[in-house]
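Single-letter residue listing:
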Amino acid sequence: MIAINDVSVFSGVRTPFYYYDMELFDKTASFAAALSAEYGIKIDYAVKANSDVRMLKKLASMGFGADCVSGNEVLLAYGCGFEPSEIMFAGVGKNDKEIYDALKTGIGSFNCESLEELSVINAMAGHLGVRANVSLRINPNIDAHTHKYVTTGLYENKFGISEHDFDAAVSLIKQSRYLDFKGLQFHIGSQIVRIDDVYALECRRAGDIVSYFENKGLEVRNIDLGGGLGIDYECPDKYPVADFRTWFSVIDSNLPRRKDQTVYVEPGRSMVAQCGSLISRVLYLKKGETKNFLIIDAGMNDLIRPALYGAYHKIENITAFYVRKDDTDDFVYDIAGPVCESSDVFGTGRSLRKSMRGDLIAIRSAGAYGKVMASGYNCKDFAPVVYSDRLSEAPVRIDYFNKNK
Ligand code: LLP
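What you see as residue numbers is a count from 1 along each chain, following the sequence as written. Owing to the predicted nature of the model, reporting of local features is limited to residues with pLDDT of at least 70; listing and counting of side-chain atom pairs is limited to 80 or more, with chain, interface and lining totals taken over all residues. Calculation of side-chain values draws on the structure's entire complement of heavy atoms; hydrogens and water are dropped beforehand.

Here's the deal with the side chain of Asp334
Okay, step 1: Structurally, Asp334 can be placed in strand E13 (residues 330-336).
Okay, step 2: The buried category is assigned to Asp334, whose relative accessible area is 6%.
Okay, step 3: Whenever two N or O atoms come within 3.5 Å, that pair is a polar contact, provided that in protein one can donate a hydrogen and the other can accept it, and provided that, for residues adjacent in sequence, both atoms are side-chain atoms. Among the polar contacts made by the side chain of Asp334, one reaches the side chain of Lys291 at a distance of 2.6 Å.
Okay, step 4: In what follows, residue pairs with any heavy atoms lying within 4.5 Å of each other are defined as contacts. Those residues within four positions of Asp334 in sequence are excluded, and the remaining contacts are Lys291, Asn292, Phe293, Leu294, Gly347, Thr348 and Gly349. Going along the chain from the N terminus, every DSSP run of H or I of four or more residues is numbered as a helix, and every run of E of two or more is numbered as a strand. Type-normalised accessible area, obtained with a 1.4 Å probe on protein chains alone, sets the label of each residue: buried when under 20%, exposed when over 50%, and partly exposed for intermediate values.

In structure tokens form, the structure reads like this:
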């Protein structure tokens, strides 16, 4: 069950909202930072997972770097205090403005995803008379054994530079007066749970590719293995902090590296997912011919993961748990939102405490790729954030039955 003292802490709060447990966030960040120091593996937080300003400022102050995927993420990372040299800019489709702005301000590295992008960065750097730090994102053709939509390291995916372009990239970098080569970057997918075999394979393959580039005369100082560490969506309370130790020890044992090389990882989900829940209220119970529907006030516009990937999120009736303690009967429900799409369903056939209009429902593990992927579909409002340590600042709920007419 979500870590709150009592459901009354939410009773006056307008729903739906994202609830961030800042204690768990701090605990996760501190654990990751300690392991980063222990294993000598640097962490660039993947801003796309959750770009909450409070979280970004905290991570910047703890010395993490930032992995960004748009010009606006780069600007946000600057604004939140990340060291410019620790800001990486990845993505297959950096536009001219984004490249121009990043060159003007200076960043740790562009993670280039194609030959053409490399030549555009080279030309733009020449035009501005500056040098660009570049790394090459590689497509290593490794199966991350995860959902098709979050697999990024196979030949069929749009990401990374393929083997047949390696030599041309080496020549371009060697000939250029404007490119400073930093290293190689790999990211093969997200929500990877087969940590041992998938990351071991990635490390061995990365080692081979690093040797290839070094044999061609480019010194690979930075080896970036990307993110992807999976979390436990089914048991968020059993494993609130992701298994960073296994991840780092697999890297440590399988990636050949010299003392003058720096190894990076780019976790996003594993840093923030478990500290977030989407809190919603039951609007209606509806008995269909074959199903019991629980219609809640949050929808796919707030959290699109179930509709987009068929993703599983644990769902809890926290009012029933805290208030109707003696009524422990479970009922089977499909939990659906208000949006006009049949895919606007957070869970089907879920066993939940007997539910009633007005009950609060927690959709767990929603701290990553939740709020950042929200949309304004159906002109719905965007769900605000409520922080565990700033509950008094939460938006207030209006009780329309006790409102003056
Ligand atoms: N580095 C790169 C280059 C990435 O593309 C990503 C995620 C990460 C790091 C962070 O990966 P993580 O540690 O969070 O797995 N919206 C999807 C996930 C998309 C991931 C995109 N790239 C979801 O909700 O599952």
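Here we look at the domain arrangement of the protein chain
It is common to report an interface's size as the accessible area lost on association of the parts.
Okay, step 1: Looking at the protein chain, the domain boundaries give domain 1 (7-18 + 274-393) and domain 2 (90-267).
Okay, step 2: Centre-to-centre, using C-alpha coordinates, domain 1 lies 36 Å away from domain 2.
Okay, step 3: At the interface, 10 residues of domain 1 touch 11 residues of domain 2.
Okay, step 4: As used here, buried area is the combined drop in accessible area, with a 1.4 Å probe, of two parts when they are placed together. Summing both sides of the interface, domain 1 and domain 2 together bury roughly 990 Å²; the carbon and sulfur share of this comes to 54%.
Okay, step 5: The shortest N-O distance in the salt bridge between Asp237 and Arg364 comes to 2.9 Å.
Okay, step 6: Between domain 1 and domain 2 we count 3 residue pairs in polar contact (both at pLDDT 80 or more) in total.
Okay, step 7: With 3 residues, helix H10 (residues 305-309) is the largest single contributor of residues to the side of domain 1 that touches domain 2.
Okay, step 8: Gly counts as polar in this scheme, as do all residues outside two lists: the nonpolar Ala, Val, Leu, Ile, Met, Phe, Trp, Tyr, Cys and Pro, and the charged Asp, Glu, Lys and Arg. Considered class by class, the residues forming the side of domain 1 that touches domain 2 number 3 nonpolar, 3 polar and 4 charged. Residue ranges assigned to each domain were obtained from an automatic or database domain assignment. In what follows, salt bridge is the name for a side-chain nitrogen of Lys or Arg lying within 4 Å of a carboxyl oxygen of Asp or Glu.

Overview of the packing of aromatic side chains
Okay, step 1: Two rings from Phe, Tyr or Trp (for Trp, the six-membered ring) form a pair when their centres are within 6.5 Å of each other. A pair whose planes differ by under 30 degrees is stacked, one over 60 is edge-to-face, and the rest are tilted. Under the defined criterion, the tally for this structure stands at 16 aromatic pairs.
Okay, step 2: Consider the rings of Phe244 and Trp247, whose centres lie 6.4 Å apart with planes at 45°: the pair is tilted. Here the residue Phe244 and the residue Trp247 both occupy positions in helix H8 (residues 244-254), the gap between them amounting to 3 residues, near one helical turn.
Okay, step 3: Trp247 sits in the buried class, given a relative accessible area of 0%.
Okay, step 4: With centroids separated by 5.0 Å and ring planes inclined at 85°, the aromatic side chains of Phe321 and Tyr322 adopt a geometry described as edge-to-face.
Okay, step 5: Residue classification places Phe321 among the partly exposed positions, given a relative accessible area of 33%.
Okay, step 6: Feature note: the residues Phe31, Tyr39, Tyr199, Phe244, Trp247 and Phe248 constitute an aromatic cluster, connected by ring pairs.
Okay, step 7: Here the guanidinium or amino end of Arg54 rests over the ring plane of Tyr387, the centre of that ring lying 4.6 Å away.
Okay, step 8: The aromatic ring of Phe89 is capped on one face by Lys94, whose charged end is 5.6 Å from the ring centroid. Any Lys NZ or Arg CZ that is within 6 Å of a ring centre and within 35 degrees of that ring's normal is treated as a charge sitting over the ring.

Some details on the site of the ligand
Okay, step 1: Taken together, 19 residues are adjacent to the ligand, and Ser190, Glu266, Arg305, Tyr309 and Tyr369 come closest.
Okay, step 2: Here Lys48 contributes a side-chain N or O atom positioned 3.4 Å from an oxygen atom of the ligand.
Okay, step 3: At a separation of 2.8 Å, an oxygen atom of the ligand approaches a polar backbone atom of Gly228.
Okay, step 4: For the ligand, whose accessible area on its own is 580 Å², the fraction buried by protein is 91%. Working definition: residue near molecule or strand if any one of its non-hydrogen atoms lies within 4 Å of it. Every accessible area reported is derived by Shrake-Rupley at a probe size of 1.4 Å, with residue values counting cover from the shown protein chains alone.

Quick notes on the pairing of strand E2 (residues 41-46)
Okay, step 1: Here E2 lies mainly inside the structure; 5 of its 6 residues are buried.
Okay, step 2: As defined by bridge partners, E2 adjoins strand E9 (residues 262-265) across 3 bridges and the pair is classed as parallel. Residue Ile41 lies in a different strand from E9, and its bridge partner there is Val263.
Okay, step 3: When DSSP locates at least two bridges between a pair of strands, those strands are taken to pair. Two strands pair when backbone bridges link them, and E2 and strand E3 (residues 65-68) are joined in this way by 3 bridges, in the parallel orientation. Following the sheet pairing, Asp44 is matched in E3 by Gly65.
Okay, step 4: Viewed along the sheet, the connection from E2 through helix H2 (residues 53-61) into E3 turns out right-handed. With the strands pointing away from the viewer, any crossover whose connection runs clockwise from the first strand over the helix to the second is right-handed.

Observations regarding the packing of helix H4 (residues 96-105) against helix H5 (residues 115-128)
Okay, step 1: Lines fitted to C-alpha atoms define the axes here, with helix axes fitted over just the stretch in contact, and angles between the N-to-C directions of these axes take values from 0 to 180 degrees. Two numbers describe how H4 lies on H5: the axes approach to 10 Å, and their chain directions differ by 50°. By the angle between their axes, H4 is oblique relative to H5. The crossing of H4 and H5 is right-handed. Counted together, Asp96, Ile99, Tyr100, Leu103 and Lys104 of H4 and Val120, Ile121, Met124, Ala125 and Leu128 of H5 form the full contact between these two elements.
Okay, step 2: In terms of residue class, the contact of H4 with H5 is built from 8 nonpolar, no polar and 2 charged. When an angle is under 35 degrees it counts as roughly parallel; over 145 it counts as roughly antiparallel; between 65 and 115 it counts as roughly perpendicular; any other value is oblique. It is the rotation of the near helix from the far one that decides the hand of a crossing: anticlockwise by less than a right angle makes it left-handed, clockwise makes it right-handed.

What to know about the packing of helix H6 (residues 166-175) against helix H7 (residues 195-215)
Between two packed helices, what matters for the description is the angle formed by their axes and the separation of those axes.
Okay, step 1: Two elements in contact, H6 and H7, have axes whose closest approach is 10 Å; the angle formed by their N-to-C orientations is 45°. Classified by the angle their axes make, H6 and H7 are oblique. Where H6 crosses over H7, the two elements pack in a sense that is right-handed. Together, Phe166, Asp167 and Val170 of H6 and Ile209, Tyr212 and Phe213 of H7 make up the contact between the two elements.
Okay, step 2: When the residues that make up the contact of H6 with H7 are grouped by side-chain class, the tally is 5 nonpolar, no polar and 1 charged.

Some remarks on the sheet that holds strand E7 (residues 179-185)
Okay, step 1: Taken together, the 8 strands give a closed barrel; going around it, the order is E2-E3-E4-E5-E6-E7-E8-E9, and neighbouring strands pair in parallel fashion. Going across the sheet, the axis of each strand differs from the next one's by a mean of 30°, ignoring polarity.
Okay, step 2: Where strand E6 (residues 132-137) lies against E7, 6 bridges are found, and the strand directions are parallel. Bridged to Asn133 within E7 is Asp180.

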